[in-house]
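Topology and contacts: notes
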Amino acid sequence: MIPARAVLLDLDGTLVDPAGGITGGILHALLANGIAHPGDEHLDSLVGPPLASGLMTIPGMTEALLPKVIADYREQYAAHGMAASRVYPGIEDLLTALRAAGRILAVATSKPEPLARRLLAAKGLDGYFDSIHGSAPDEVSAPTRTSGKPHIVAAALDATGQGPQQTVMVGDRLHDIEGARVNGLPAIGVSWGFAADGELEAAGAAAVVHSPAELGRLLGAADATTVDALRDGPA
């Protein structure tokens, strides 16, 4: 019976609502490079996975265009998207409660790490976390494109000083659940992000919660509800 002493959290769609800052910035970059609007549903699907991998699923995208599209998107995001993002209601209360309960907290995001740090600082969240982990600034090269979320989760797990039996991953997309599974962690999905209906359950989330308060109750009960129980799935 091992309680969850450490909690890894995704960023966009879990802690922070991009509020169109990501999808709008991507669309701006696509159109600026002569690529047609892929549709809102396709744009929404790009929130979560490594950007380079997601962009390559868009009709008309080429390897040659990829670095320029990413650079244009990052410029637009820094200028407008970051300011548009907002912390989800209840998240600061959740983080405060988890810190008070003695949990080790880390961010594990596919966003480039320097940009993740800037966003968390801008939204006043950086002080809650023991460590922050993201992709390399060069999003086109390995391991960001080749291994996706698992290597980021691995780095965050290592920084906590805890084992996988003592750690839980929390995120809003299947990539978070898969990144946890590769590293031997149970994962909790949050429904307020960008997952399609049934996506988190199909990916193997041990539980899916519908509010930060519900997530806090689940994580706050870790002394009585073990990670091993979560690993077996919801009751």
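The structure reproduced in this document is the subject of the present report. (Residues numbered from 1 in each chain as written. Predicted model: local features only at pLDDT ≥ 70, side-chain atom pairs only at ≥ 80, totals over all residues. Heavy atoms only, no water.)

Remarks on the packing of helix 1 (residues 21-32) against helix 4 (residues 66-84)
- In contact at an axis separation of 8 Å, helix 1 and helix 4 are set at 135° when each is read in the N-to-C sense. The angle between helix 1 and helix 4 places the two elements in the oblique class. Read as a crossing pair, helix 1 and helix 4 show a hand that is right-handed. Facing G21, I22, G25, I26, H28, A29, L30 and A32 of helix 1, the residues of helix 4 in contact are V69, D72, Y73, Q76, Y77 and G81.
- Here the contact of helix 1 with helix 4 is built from residues that sort into eight nonpolar, five polar and one charged. (Axes fitted to C-alpha atoms, helices over the stretch in contact; angles between N-to-C directions. Helix = DSSP H or I, 4+ residues; strand = E, 2+ residues; numbered from the N terminus. Parallel < 35°, antiparallel > 145°, perpendicular 65-115°, else oblique. Left-handed = near helix turned anticlockwise from the far one by under 90°. Contact = heavy atoms within 4.5 Å. Nonpolar A, V, L, I, M, F, W, Y, C, P; charged D, E, K, R; others polar.)

Re the nonpolar core
- Of all hydrophobic cores here, the largest spans 50 residues; its most connected members are L15, L55 and F129.
- No other element matches helix 4, which puts six residues into this core.
- F129 has contacts with L9, L15, L95, R99, L105, A106, V107 and L120, leaving out every residue within four places of it along the chain.
- Residues A106, I177, A187 and V208 belong to the second largest nonpolar core, which totals 16 residues. (Core = buried A, V, L, I, M, F, W, Y, C linked by side-chain atoms within 4.5 Å. Buried < 20%, exposed > 50% of the residue type's maximum accessible area, 1.4 Å probe, protein only.)

Some words on the packing of aromatic side chains
- Inspection of every chain in the model, using the stated rule, returns two aromatic pairs.
- When the centroid spacing of 5.9 Å and the interplanar angle of 40° are considered together, the rings of Y73 and Y77 count as tilted. Note that Y73 and Y77 are positioned in helix 4 at a spacing of four residues, about one turn of the helix. Each member of the pair, Y73 together with Y77, is buried. (Phe/Tyr/Trp six-rings, centres within 6.5 Å; stacked < 30°, edge-to-face > 60°.)

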